[in-house]
Amino acid sequence: MGAVRIDGNRLLLPGGVRVRFMRTLRLPERGTHPLPPGLGEFPVRRVEDYAGRVPAEWRARGGVMLPVYLREAMWLNFTASEPAALQVGAGKVCAVSGRPWSARLGRDPQNYLVLPRQPWLDGINSGRGTVRQFVAVPLGLGATVEGQVTGEEVWGGIQLQVFPLKEGPLAAWREEERRKREAAAEIERARAAAGPYGGAMPAPGAPPASGAALPPPAMAAAPGGPPRSAPAMGLGVGGSMRQEVYRDDRPAGSWAEEPAGRVFVHLVTPPEWRRITGEAPPPSPVDRAAYTRAGLPWFDHYDHDGEDLAPTDTLGRVRPVGDWLGDDHAPWQQPSPQQVKPLGDAPGKPVEDGAW
């Protein structure tokens, strides 16, 4: 299996797949909402760099860790230089199919995302054209996706596993991309020769993938003390938003039989993050009313060529974390229509894997 590497706060998986963990606004648990943007990246660190300060089970599982507040929301941002099938687990429950974690890809039901078509995932696949937002909660309450689906809370965290295309389909894709580049270059040359501007018009910029970046964490004094059993965190669900999880339209058998790489992402409470790493955790999540008053954008993504993947009954029955923790929302301030923006169509250190 290939190495997973960490570059800043990004995970680099084999096959040119890059994953960022984005802080965001937590949505109300009632109603369906547009996509909130990112409010900066979660800091990500390798577990092995703090082997003397983390629990033994973390060392055994390897991977990386990031700090998250109770009931803080997140979304995952993906980019890929070549096609890839990416599995996403919440406590080793597939966030796409609701089935137990598997070392193999499945088509019925589909248990993976298709990259690069799927640019992000904000939550579990729980409705037609909608997802329920990822929200951090402690293990032991039964509020996590893992607890509700399996009846146990053993793993917590997030699991990622990537599969590349087989050699034949990958060669065909590369050839198709080469032809597209040649055709695009020919069009640009023709425009440059015929147009009055002396060159091609600039292409429109990509939509912003995140909002204002949060300040980098300040370093605190190096923590001491032996490793201990850290409070374990997992993913529950919050509000619903409009987001499609795309069906794989490639022929069966296109993907490799074995994964190219995988990584376990541990979720750490802010006090434990400070103790383990010596770094200050990010500021607490932003207030919703202040966010809306500031005029920050929301997004409505639509891909007319993509076919949405139907949710399974398993994930459709997952209840929001408010059923366990109560509703702590301040009155919701709805964004104005002008704030909702339509969206169109290996450096770094290797991360150590373990047994999970």
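Attention here is on the structure that accompanies the text. Source: prediction; values computed, not measured.

Bringing the packing of aromatic side chains into the picture now. Under the defined criterion, the tally for this structure stands at 4 aromatic pairs. Each ring, one from Y112 and one from W255, has its centre 6.4 Å from the other, and the planes form 70°; the classification is edge-to-face. Note that Y112 is positioned in the loop between β8 (84–90) and β9 (113–115) and W255 in the loop between β14 (233–242) and β15 (261–268), a separation of 143 residues in sequence. No difference in accessibility class separates Y112 from W255, as the two residues are buried. An aromatic cluster is built from W101, F264 and W356, whose rings are joined through pairwise contacts.

Now for the nonpolar core. The biggest cluster of nonpolar side chains holds 52 residues, and the ones touching the most others in it are L11, F21, V88 and L160. Those residues in contact with L11 that sit more than four places away from it in its chain are V4, R5, I6, V17, R18, V19, F21, V64, L160, V263, V265 and V351.

Looking now at unusual backbone geometry. For the bond from D108 to P109, the omega torsion is 5°, close enough to zero to count as cis. In this model, L115 is joined to P116 through a cis peptide bond whose omega is 10°. The phi dihedral of R71 falls on the positive side, at around 65°, and the residue is not glycine. Locating R71 in the fold gives a position in the loop between β6 (64–67) and β7 (73–80). Classification of R71 by relative accessible area gives buried; the value is 7%. The backbone of K92 shows a phi angle near 60°, a positive value even though the residue is not glycine. Mapped onto the elements, K92 comes out in the loop between β8 and β9. Its relative accessible area of 17% is what places K92 among the buried residues.

We now examine the side chain of R132. With respect to the element layout, R132 can be found in strand β12 (residues 130–138). Here R132 occupies a buried position and makes no salt bridge, while the nearest side chain of opposite charge, E29, is found at 5.9 Å. In this structure the side chain of R132 is engaged in a polar contact, spanning 2.7 Å, whose partner is the backbone oxygen of G238. Apart from residues no more than four positions distant in its own chain, R132 is found in contact with E29, D122, G123, I124, S126, V237, G238, G239, S240, V318 and P320.

Rules used throughout
- Residue numbers run consecutively from 1 along every chain, following the written order of its sequence.
- Whole-chain, interface and lining totals are the exception, using all residues; otherwise, since this is a predicted model, local features are given only for residues with pLDDT of at least 70 and side-chain atom pairs are given and counted only at 80 or more.
- Side-chain measures were taken over the full set of non-hydrogen atoms in the model, leaving aside hydrogen atoms and water.
- We call Phe, Tyr and Trp rings a pair once their centres come within 6.5 Å, taking the six-membered ring for Trp, and we label the pair stacked below 30 degrees between planes, edge-to-face above 60, and tilted otherwise.
- A run of H or I in DSSP becomes a helix once it reaches four residues, and a run of E becomes a strand once it reaches two; helices and strands are each numbered from the N terminus.
- Here's how the labels work: a residue is buried when its accessible area is under 20% of the maximum for its type, exposed when over 50%, partly exposed in between, all with a 1.4 Å probe on protein chains only.
- By nonpolar core we mean a set of buried residues, namely Ala, Val, Leu, Ile, Met, Phe, Trp, Tyr and Cys, connected to one another through side-chain atoms within 4.5 Å.
- Every residue pair with non-hydrogen atoms within 4.5 Å of one another is taken to be in contact.
- For this count, His and the chain ends are skipped, Lys and Arg are scored as positive, and Asp and Glu as negative.
- For this analysis, a salt bridge means a side-chain nitrogen from Lys or Arg found within 4 Å of a carboxyl oxygen belonging to Asp or Glu.
- Polar contacts, as used here, are pairs of N or O atoms within 3.5 Å; protein pairs need one atom able to donate a hydrogen and one able to accept it. Residues neighboring in sequence count only if both atoms are side-chain atoms.

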